[in-house]
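So you can see what is in the structure, the chains are spelled out below.
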Amino acid sequence: MTRQRISIIGAGYVGLCIAVGFASKGYKVIAIDHDSKKVILINKGIPPFHEAGLKDLLQENLKEGYLECTLDCKEAILKTDITFIAVGTPSKRDGSINLQYVKNAAREIGKALKEKENYHLIVVKSTVIPGTTENVVKPIIEKQSGKRCGEEWGICVNPEFLREGSAVNDTLHPDRIIIGEYDKKSGDMLEMLYRNLHGEQTPPLLRTNLSTAELIKYANNAFLAMKISFINHIADICERIPGVDVTVVAKGIGLDKRIGRLFLNAGLGYGGSCLPKDIKALIAFCKSLGHKPILLKAINKVNETQPYKAIKLCKEALGSLKGRHVAILGLAFKPNTDDIREAVSIKIIKALLKEGARVTAYDPAATPNIRKRLGNSIQYTSSPINCIKNADCCIIVTEWDEFKKLNPKDFIKNMKHPIVIDGRRIFDPTEFSRKLDYWAVGLGKIEEKYYESRKFCTD
Ligand SMILES: NC(=O)c1ccc[n+]([C@@H]2O[C@H](COP(=O)([O-])OP(=O)(O)OC[C@H]3O[C@@H](n4cnc5c(N)ncnc54)[C@H](O)[C@@H]3O)[C@@H](O)[C@H]2O)c1
């Protein structure tokens, strides 16, 4: 069996992880990026971002000759059979999708296809709103190449569902594969690629048309965001009822098979490069269709206000924040990544500074990225203990495992006032609230009876 050669435009979180995934299974892969610094780093075996398992796999595949990274898009396309588009699709000011990078990639593909002799498959992996592949990407490639889609080249939409923090593993072991196809030939070619890649472990594979596949990605993210905003909304109710804890409520409803436990963790809201921008893009898309996105708007609204719950709890605990020292544990938008795109920590820190607080911060991976964004406005520390030293209050913003190991004594011994605001519900309230001033999202006023009942609430 001859293996198809693969090129991937965009060597970011998605592009580089799938590049390494294909290469690790023996495919020849050329990753393309227009950022020369990234290309140099990748070719040296240094991933430009933190992702578990990525560095080893990258170095191994560069050494074996399965993977290379280049600035030269045209040559990479001419040397390969399938090209994935994995460039960013950020938001415009009004929240609608910015297709600038996708359009540029399509232009470069078109120019290369003009010179290509063999059939070539284009796969849109970037998250794009329904209709983009058919009405934007395809016409640009046809115009630039002078070749009609369905004849000398084909196109598919193949949304990506990897999670940062476990991206390499998710690429190698996906839950499902969605293929939106322009025609049968394109769909067959992509299905074959994945069946050969995953063999007997091929997950459920759904083939559909281009726009349906595009919408599946948005509907998927909207549903996940809805679960988070829903439980955060329930958390608000819990806080107003003595003895009620949202973590127990979530456990109770999560046992319903129709609901499930995942993504029902109350906290300070979702961030990251996908959920916030995708919900906003879907809202803007609905409006362009003349449809009122009532539910989507509510999901977004709950999430936009959620980070400020940390400030509210902080003020309830301390009164005025002027001149107070607040320690922030966690800067990345979620654990096991250094990604700070739309990170809740940024909103919280900016609000604290505005209130006149002094901020120290610690994160196991994201500090260099936050430093680039916030400069010297806060103080960066090298460990959780250094971060909380002499602080008036500590806010848990990201649920890194490292923070779960802290115990009440660590806070009592090191802080000026042992006040902990658990923004991610990582500590046991029965233990913490007995020993220090413990505040948490979704936790009603604690009573002795509550401690008793907690004993029966096992995982
Ligand atoms: N990050 C995630 O967890 C995730 C998960 C699923 C889907 N997605 C989607 O995948 C897409 C990519 O996301 P990402 O997080 O990898 O973005 P990213 O910003 O990390 O990477 C995009 C890369 O593309 C490069 N690029 C842009 N235009 C280019 C061009 N014309 N030629 C060469 N390189 C170019 C950029 O330099 C950058 O390195 C987005 O649509 C995103 O919504 C992301």
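Reading guide: rules and limits
- Residues numbered from 1 in each chain as written.
- Predicted model: local features only at pLDDT ≥ 70, side-chain atom pairs only at ≥ 80, totals over all residues.
- Helix = DSSP H or I, 4+ residues; strand = E, 2+ residues; numbered from the N terminus.
- Rg over C-alpha atoms; globule rule 2.2 N^0.38 Å.
- Buried ≥ 20, exposed ≤ 12 C-beta atoms within 10 Å, placed from the backbone.
- Contact = placed C-beta atoms within 7 Å.
- Pairing = 2+ DSSP bridges.
- Axes fitted to C-alpha atoms, helices over the stretch in contact; angles between N-to-C directions.
- Near = placed C-beta within 6 Å.
- Parallel < 35°, antiparallel > 145°, perpendicular 65-115°, else oblique.
- Nonpolar A, V, L, I, M, F, W, Y, C, P; charged D, E, K, R; others polar.
- Domains from an automatic or database assignment.
- Left-handed = near helix turned anticlockwise from the far one by under 90°.
- Core = buried A, V, L, I, M, F, W, Y, C linked by C-beta atoms within 7 Å.

Another point: the overall build of the chain. Looking only at helices and strands, the chain features 20 helices and 14 strands. Rg of the C-alpha trace for the chain: 24 Å, near the compact-globule value of 23 Å for 459 residues, within the 12% margin. Reported as C-alpha extents along the three principal axes, the dimensions of the chain are approximately 75 × 45 × 45 Å. Out of the 459 residues in the chain, the part that is buried amounts to 49%. A separation of at least 24 residues holds for 72% of the contacts in the chain among residues at least 6 apart in sequence.

Turning next to the sheet that holds strand E1 (residues 6-9). Overall, mixed pairing links the eight strands, which are arranged E3-E2-E1-E4-E5-E6-E7-E8 in an open sheet. Lying at the two open borders of the sheet, with one neighbouring strand each, are strand E3 (67-70) and strand E8 (205-209). Adjacent strand axes in the sheet meet at a mean angle of 25° when their direction is disregarded. The pairing of E1 with strand E2 (residues 29-32) spans four bridges and is parallel. In the strand pairing of E2, Ser 7 is matched with Ile 30. Of the strands in this sheet, E1, E2, E3 and strand E4 (82-85) are in contact with helix H1 (residues 13-24), which crosses E2 at around 170°. Where helix H6 (residues 132-145) meets the sheet, it contacts strand E5 (120-124) and strand E6 (153-157), and its direction lies at approximately 150° from that of E6.

Take helix H14 (residues 344-354) next. Buried within H14 we find Val 344, Ser 345, Lys 347, Ile 348, Ile 349 and Leu 352. Phi turns positive, to about 90°, at Gly 356, one or two residues after H14.

Let us look at the environment of Ala 357. Following the sequence through the fold, Ala 357 ends up in the loop between H14 and strand E10 (358-362). Classification of Ala 357 as buried rests on a count of 22 C-beta atoms within 10 Å. As for Ala 357 and Val 326, which are separated by 31 residues in sequence, their C-alpha atoms are 6.7 Å apart.

Our focus in this paragraph is the site of the ligand. Around the ligand, the structure places 28 residues, and the nearest of them are Gly 10, Gly 12, Val 14, Ser 126 and Thr 127. Those elements giving two or more residues to the shell around the ligand turn out to be H1 and helix H5 (100-114). For the shell around the ligand, the element with the most residues is H5, which contributes four residues.

For the rest of this paragraph, the subject is the packing of H6 against helix H9 (residues 210-239). At a minimum axis distance of 8 Å, the contact between H6 and H9 shows a crossing angle of 110°. With respect to H9, the element H6 is oriented roughly perpendicular. Of the residues in H9, those in contact with Thr 132, Thr 133 and Glu 134 of H6 are Leu 210, Ser 211 and Glu 214. In terms of residue class, the contact of H6 with H9 is built from one nonpolar, three polar and two charged.

A word on the domain arrangement of the chain. Considered domain by domain, the chain is made up of domain 1 (6-203) and domain 2 (241-454). Computed from C-alpha atoms alone, the centre-to-centre distance between domain 1 and domain 2 is 34 Å. On the side of domain 2, 15 residues touch domain 1, which itself brings 14 residues to the contact. Looking at the side of domain 1 that touches domain 2 residue by residue, the classes come out as five nonpolar, six polar and three charged.

Glancing now at the packing of helix H11 (residues 275-288) against helix H12 (residues 294-305). Contact geometry of H11 with H12 gives a least axis separation of 10 Å together with a crossing angle of 150°. The orientation of H11 relative to H12 falls into the category roughly antiparallel. For the element pair H11 and H12, the recorded crossing hand is left-handed. Packed against H11, whose contacting residues are Ile 279, Lys 280, Leu 282, Ile 283 and Cys 286, the element H12 presents Leu 296, Lys 297, Ile 299 and Asn 300 at the interface. A breakdown of the residues in the contact of H11 with H12 according to their chemical character gives six nonpolar, one polar and two charged.

By size, the foremost hydrophobic cluster in this structure holds 139 residues, and its most contacted members are Ile 8, Ala 19, Ala 31, Ile 328, Cys 394 and Ile 395. Split by domain, the residues of this core number at least three in each of domain 1 (6-203) and domain 2 (241-454). Other than its neighbours up to four places away in sequence, Ala 31 contacts Ile 8, Ala 11, Gly 15, Leu 16, Ala 19, Ile 42, Leu 67 and Cys 69.

Next up on the list: unusual backbone geometry. Positive phi is not limited to glycine here, since Asn 336 has a value of about 65°. Within the secondary structure, Asn 336 sits in the loop between strand E9 (325-329) and H14. Residue class for Asn 336 comes out buried when judged on the 20 C-beta atoms lying within 10 Å of it.

Glancing now at the environment of Ile 77. Within the secondary structure layout, Ile 77 lies in helix H4 (residues 73-78). Given 25 C-beta atoms within a 10 Å radius, Ile 77 is considered buried. Separated by 43 residues in sequence, Ile 77 and His 120 have C-alpha atoms that sit 8.7 Å apart. Beyond its immediate stretch of four places on either side in the chain, Ile 77 contacts Ser 7, Thr 83, Ile 109, Ala 112 and Lys 116.

Here six strands make up an open sheet; going across it, the order is E11-E10-E9-E12-E13-E14 and the pairing parallel. The sheet terminates laterally at strand E11 (379-380) and strand E14 (437-440), the two strands that pair on one side only. Here E9 runs beside E10; their pairing, made up of five bridges, is parallel. Opposite Ile 328, over in E10, you have Ala 361 as the bridge partner. Set on the sheet, H14 makes contact with E9, E10 and strand E12 (393-396); between it and E9 the angle comes to about 175°.

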